[in-house]
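A look at the structure
Listed below, chain by chain, are the residues.
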Amino acid sequence: MRIGILGSGLMGAKLGTIWARAGHDLVFSYARSEQKLQKLARDAKGKARAGTPREAAQDADALLLAVHWSRVDDVLQQAGDLSGKVIVTCSLPMNADDTGLVIAHSSSGAEELATRVPKARVVSAFGTVPSEVLFGVFEARRKARRPSLVYCGDDSRSKKVAAGLIRDVGFDPVDAGPLRIARYTEPFTLLIAQLAYEGDGGPELAYRFERFVK
Ligand SMILES: NC(=O)c1ccc[n+]([C@@H]2O[C@H](COP(=O)([O-])OP(=O)(O)OC[C@H]3O[C@@H](n4cnc5c(N)ncnc54)[C@H](OP(=O)(O)O)[C@@H]3O)[C@@H](O)[C@H]2O)c1
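Residues numbered from 1 in each chain as written. Predicted model: local features only at pLDDT ≥ 70, side-chain atom pairs only at ≥ 80, totals over all residues. Heavy atoms only, no water.

Formed by 41 residues in total, the largest nonpolar core has its most connected members in W19, F28, F126 and F171. If you look at the next biggest cluster of nonpolar residues, it comprises 26 residues, including A60, V72, V75 and A110. (Core = buried A, V, L, I, M, F, W, Y, C linked by side-chain atoms within 4.5 Å. Buried < 20%, exposed > 50% of the residue type's maximum accessible area, 1.4 Å probe, protein only.)

Structure follows, in structure tokens:
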């Protein structure tokens, strides 16, 4: 697949690198330095290149939106027309100092994003895990017990695309339902962040749902 990364920071750089290594065609975009994007593309060692958000979006089968909430409008505006595009968002609607959600309970960042780009197909995924765990999950992907990763969205074709990308990283995709379920997954991330960054075990944290059926 052709994947455009909109926001090549902690999440975008790692997920993009993993997808390039998994064989996808990648464009890294939106960082404060062009050299950083070029280095990411070189180091990813797959079919990866640096580009502008518009170039990342142009021929993409899927886009990853991975910017701070305050940068969403800017990167969307730079990306241009996103009609029909699959946007996988891990972006959380955090306030300026990252201490709380500015949208919650009755809506979510993912739903708000869908209203800002109504012609795109938004899937919420990857926002529930810390970036620090991504390479470890990828390295362990051939093991039988994969960690879970919840995702949600309203368009079944886009959700299939997202589920494939989730599997490529090494997670077991858990379909949580329509996009409005991001109202629950986004606050869940604050629990994960608490455990990852304030707990004793370090930030390399993933989660796994178990069902006990008789
Ligand atoms: N980090 C995590 O573990 C984690 C986990 C779950 C969800 N999330 C969510 O995922 C999203 C991305 O998080 P992140 O930690 O990856 O953020 P980040 O490291 O700050 O990355 C954001 C990217 O946006 C770029 N950027 C910021 N301002 C810019 C500007 N004015 N012009 C051009 N580029 C600009 C940054 O450039 P530079 O590369 O030059 O800094 C960086 O590449 C956020 O919404 C966050 O809440 C993060």
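Okay, back to it.
Counting buried positions along strand β2 (residues 25-29) gives four out of five residues, so the element sits mostly inside the fold. When strand β1 (residues 2-6) meets β2, the two strands line up parallel, connected through five bridges. In the strand pairing of β2, R2 is matched with D25. Read as a crossover between parallel neighbours, the route from β1 over helix α1 (residues 10-21) to β2 is right-handed. Taken together, β2, helix α2 (residues 34-44) and strand β3 (residues 47-50) constitute a β-α-β crossover, and its handedness is right-handed. (Helix = DSSP H or I, 4+ residues; strand = E, 2+ residues; numbered from the N terminus. Pairing = 2+ DSSP bridges. Right-handed = clockwise from strand over helix to strand, strands pointing away.)

Turning next to the site of the ligand. Around the ligand sit 20 residues, and of these M11, R32, K36, V67 and S131 come closest. Within the backbone of V67, one N or O atom sits 2.7 Å away from an oxygen atom of the ligand. L92 places a polar main-chain atom, nitrogen or oxygen, 3.1 Å from an oxygen atom of the ligand. The protein chains hide 78% of the 890 Å² of surface that the ligand would expose on its own. (Near = heavy atom within 4 Å. Polar contact = N/O pair within 3.5 Å; in protein donor to acceptor, adjacent residues only side chain to side chain. Areas by Shrake-Rupley, 256 points an atom, 1.4 Å probe, with all protein chains shown as cover.)

Take the pattern of salt bridges next. Applying the stated criterion to the full structure yields ten salt bridges. K39 is the salt-bridge partner of D43, the closest N and O atoms lying 2.5 Å from each other. Remark: K39 and D43 occur in helix α2; sequence separation between them is four residues, near one turn of the helix. Using a relative accessible area of 33% as the deciding quantity, one classes D43 as partly exposed. According to the relative accessible area criterion, K39 is partly exposed, its value standing at 45%. (Salt bridge = Lys/Arg side-chain N within 4 Å of Asp/Glu carboxyl O.)

Relative to the elements of secondary structure, A104 occurs in the loop between β5 (86-89) and α5 (109-116). Given the relative accessible area of 23%, A104 is considered partly exposed. As for A104 and P93, which are separated by eleven residues in sequence, their C-alpha atoms are 8.4 Å apart.

Read these as spatial facts, not as claims about activity.
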